[in-house]
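Residue strings, one per chain:
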Amino acid sequence: MNAPSPIVTASTTCWNCSAATGGVPFCPACGKIQPLVQGADFFSFFGLPHKLTLDLETLEQRFHSLSWKLHPDHFARATESERQYSLDQSSQLNDAYRTLRDPVGRVEYFLSLHGMRKEGQKKQQAPPELLEEVFELNESLDELREARASGESAHMPQLRAKLESAQHKFESSLTDVDRELAKVLADWDAALDAGAEEAEKKRLMERMNEVLNRRSYIRNLVNGVRQELAA
Ligand SMILES: [Zn+2]
């Protein structure tokens, strides 16, 4: 699978008046609907800089305003091409909004844009600071399954209590990771404002990737325990 191409939309020009559009669906100069640019990114679509701490209210307002402007009724008397553009842009609008409004989805998307989202095998490895707890958790899970299989119920309440406490522990780790993610996103925005060097940007993106992997590992653990307790 090809990674989305790097951000190239700034050079996009309007088919009608040749003004630079920057990748937004309507030309800022003449207001005409624009064709969807291959590889155009979701941030530029909304006319937003590549910052990761997004004001959700602004995003929502732009979404509603664009939904309204892209409504088929507004293109009833437009040319065939313009009608097609509006349909393509509508579908892009929904994808872009769904992706950007979710903080984790937004960062994942952003990293893949830059070819920096790497899940790899590390996804399966426990973060070092949680190794011991993960080991204990797996033991308790095994015991619970064995107890269930053999119909032995004497230790069940004890096992369940142990698992519930592990679940709370990992939920609190998840909260820590989310806080860490928020911090690295704020660092990114500050670096962008300060005109940081490529090496610094790369370092921050690697950090985001690492935090995302850890987050996904812990979230899987939490879900696993929840499922087991609900079984
Ligand atoms: Zn134009």
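About the cut-offs
Residues numbered from 1 in each chain as written. Predicted model: local features only at pLDDT ≥ 70, side-chain atom pairs only at ≥ 80, totals over all residues. Heavy atoms only, no water. Helix = DSSP H or I, 4+ residues; strand = E, 2+ residues; numbered from the N terminus. Rg over C-alpha atoms; globule rule 2.2 N^0.38 Å. Buried < 20%, exposed > 50% of the residue type's maximum accessible area, 1.4 Å probe, protein only. Contact = heavy atoms within 4.5 Å. Areas by Shrake-Rupley, 256 points an atom, 1.4 Å probe, with all protein chains shown as cover. Expected span 1.5 Å × (residues − 1). Arc of directions from axis to C-beta. Salt bridge = Lys/Arg side-chain N within 4 Å of Asp/Glu carboxyl O. pLDDT = per-residue confidence, 0-100. Axes fitted to C-alpha atoms, helices over the stretch in contact; angles between N-to-C directions. Parallel < 35°, antiparallel > 145°, perpendicular 65-115°, else oblique. Left-handed = near helix turned anticlockwise from the far one by under 90°. Donors = N, O, S within 2.8 Å, 3.2 Å for Na, K, Ca; no water. 1 Å grid on protein atoms, 1.4 Å probe; cavity = no way out; pocket = protein on both sides within 12 Å on 5 of 7 lines; lining within 4 Å. Points joined across faces, edges and corners; volume = space filled by probe spheres on them. Nonpolar A, V, L, I, M, F, W, Y, C, P; charged D, E, K, R; others polar. Core = buried A, V, L, I, M, F, W, Y, C linked by side-chain atoms within 4.5 Å.

Q: Account for the overall build of the protein, naming residues and giving values.
A: The helix and strand inventory of the protein stands at seven helices and zero strands. Starting at the N terminus and walking to the C terminus, you meet the elements of the protein as α-α-α-α-α-α-α. For 231 residues, the compact-globule estimate of 2.2 N^0.38 gives 17 Å, and the C-alpha radius of gyration of the protein, at 23 Å, exceeds that figure by more than 25%. Seen through its C-alpha atoms, the protein measures out along the principal axes to roughly 75 × 45 × 35 Å. Counting over 231 residues, the protein shows a buried share of 38%. Sequence-distant contacts, at least 24 apart, represent 62% of the contacts inside the protein between residues at least 6 apart. A total accessible area of about 13,400 Å² is found for the protein, and carbon and sulfur atoms account for 51% of it.

Q: Talk me through helix α2 (residues 56–69); I want residue IDs and the actual numbers.
A: Helix length check: α2 (14 residues) gives 20 Å between terminal C-alpha atoms against 20 Å at 1.5 Å per residue, within 8%. L59, F63 and L66 are the residues of α2 that are buried. The arc that holds the buried residues of α2, viewed along the axis, is 75°, so those residues lie on one side. With respect to the buried face of α2, the exposed residues turned more than 90 degrees away are E57, Q61 and W68. The inward-facing, buried residues of α2 contact α1 (42–45) and α3 (80–101).

Q: Describe in detail the pattern of salt bridges, supporting the description with residues and values.
A: Side chains that differ in charge, positive against negative, can pair when their charged atoms come close. For the structure on display, the rule yields 21 salt bridges. Measuring nitrogen to oxygen at the nearest pair gives 3.7 Å for the salt bridge that ties R117 to E108. A residue is classified by how much of its surface remains accessible, and R117, at 17% relative accessible area, is buried. A residue is classified by how much of its surface remains accessible, and E108, at 31% relative accessible area, is partly exposed. Each of the salt bridges in this network shares a partner with another, and the network as a whole consists of E129, E180, R207, E210 and R214.

Q: Explain the confidence of the model for the protein residue by residue, including any values.
A: The pLDDT averaged across the protein works out to 89; a share of 93% of its residues lies at or above 70. Note that residues 1–10 has pLDDT below 50 and, in this model, 19 contacts with residues that lie over four places away or in other chains.

Q: Quick rundown of the packing of helix α6 (residues 156–193) against helix α7 (residues 198–230)? Include the residues and the values.
A: Look at α6 against α7: their axes get within 9 Å of each other, and the N-to-C directions meet at 160°. The angle between the axes of α6 and α7 places the two elements in the roughly antiparallel class. Pair α6 / α7 crosses with left-handed handedness.

Q: Please set out the coordination of the zinc ion residue by residue, giving values where relevant.
A: Coordination sphere of the zinc ion, protein contribution only: C14 (SG), C17 (SG), C27 (SG) and C30 (SG), at 2.3 to 2.4 Å. In the primary sequence, the donor residues of the zinc ion line up as C-x2-C-x9-C-x2-C. Taken together, the residues span a long stretch of sequence, with C17 in the segment before α1 and C27 in the segment before α1 at a distance of 10 residues. Residue classification places C17 among the partly exposed positions, given a relative accessible area of 32%.

Q: Give a detailed account of empty space enclosed by the protein, specifying residues and quantitative values.
A: Over the atoms, a rolling probe the size of a water molecule traces out where space has been left empty. Taken as a whole and judged by the stated rule, the model has one cavity of 30 Å³ or more. Quantified by volume, the largest cavity comes out at close to 50 Å³. Partitioned by chemical class, the residues of the lining of the largest cavity number six nonpolar, six polar and no charged.

Q: Lay out unusual backbone geometry with the relevant residues and their values.
A: Although it is not a glycine, S18 adopts a positive phi angle of roughly 70°. Here S18 lies in the segment before α1.

Q: Describe the nonpolar core, naming the residues involved and giving the relevant values.
A: If you look at the biggest cluster of nonpolar residues, it comprises 55 residues, and the most contacted ones within it are F46, F170 and M208. Broken down by secondary-structure element, the contributors of at least two residues to this core are α1, α2, α3, α4 (103–113), α5 (131–150), α6 and α7. Among the elements that line this core, the one with the most residues is α6, at 12 residues. Ignoring sequence-local partners within four residues, the contact set of F170 consists of L130, E133, V134, L137, I218, L221 and V222.

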